[in-house]
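Residues per chain, in single letters:
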Amino acid sequence: QVQLVESGGGLVQPGGSLRLSCAASGSIFSIDRMAWYRQAPGKQRDLVAAITSDGPTNYADSVKGRFTISRDDAKKTVYLQMNSLKPEDTAVYYCYIYGVQYYSHTPLPYWGQGTQVTVSS
């Protein structure tokens, strides 16, 4: 089994900052891609940021310059540093990891449980 444990969400005022963390545990062996998605009420789940095993990153236009995704392969953890938060950033944020388990040659997607981020005065 693979578990993704998210932390760092909460309530912040506009202009504030949060850092989300997502740690993979269990039988995960190697991770190819990590990403963060978010879903606001009544909207689809959209990609926020992604990072490959080699380091290249990809961001949604709405968060470029404000959010930074990073990874620590030794800890099997992905982070999302969120600065200059806006009310429209309010959503449930989901961690995503694409990797393989021990004794497997087939990478599979794994999702975190989601963590609420609320930006409000």
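Note that the coordinates shown come from a computational prediction; the quantities given were computed from them, not determined experimentally. (Residues numbered from 1 in each chain as written. Predicted model: local features only at pLDDT ≥ 70, side-chain atom pairs only at ≥ 80, totals over all residues. Heavy atoms only, no water.)

Q: Can you lay out the environment of Tyr98 for me, pointing to particular residues and giving the numbers?
A: The topology assignment puts Tyr98 in strand β9 (residues 91-101). For Tyr98, a relative accessible area of 30% puts it in the partly exposed group. In sequence terms Tyr98 and Ser30 are 68 residues apart; their C-alpha atoms lie 8.8 Å from each other. (Helix = DSSP H or I, 4+ residues; strand = E, 2+ residues; numbered from the N terminus. Buried < 20%, exposed > 50% of the residue type's maximum accessible area, 1.4 Å probe, protein only.)

Q: Quick rundown of the pattern of salt bridges? Include the residues and the values.
A: Tallied over the entire structure, the rule returns four salt bridges. With its nearest N and O atoms 2.8 Å apart, the salt bridge here joins Arg71 to Asp73. Judged by relative accessible area, Arg71 falls into the buried class, the value being 17%. The class for Asp73 is partly exposed, based on a relative accessible area of 44%. Within this structure, Arg38, Arg66 and Asp89 form a network of salt bridges that share partners. (Salt bridge = Lys/Arg side-chain N within 4 Å of Asp/Glu carboxyl O.)

Q: Can you lay out the sheet that holds strand β7 (residues 67-72) for me, pointing to particular residues and giving the numbers?
A: Read across the sheet, four strands follow the order β1-β3-β8-β7 without closing on themselves; strand pairing throughout is antiparallel. A single partner strand is all that each edge strand has here, and the edge strands are β1 (2-7) and β7. On average, adjacent strands in this sheet sit at an angle of 15° to one another, irrespective of strand direction. Bridge count for β7 against strand β8 (residues 77-82) is six bridges, and the pairing is antiparallel. Paired with Ser70 across the bridge in β8 is Tyr79. (Pairing = 2+ DSSP bridges. Axes fitted to C-alpha atoms, helices over the stretch in contact; angles between N-to-C directions.)

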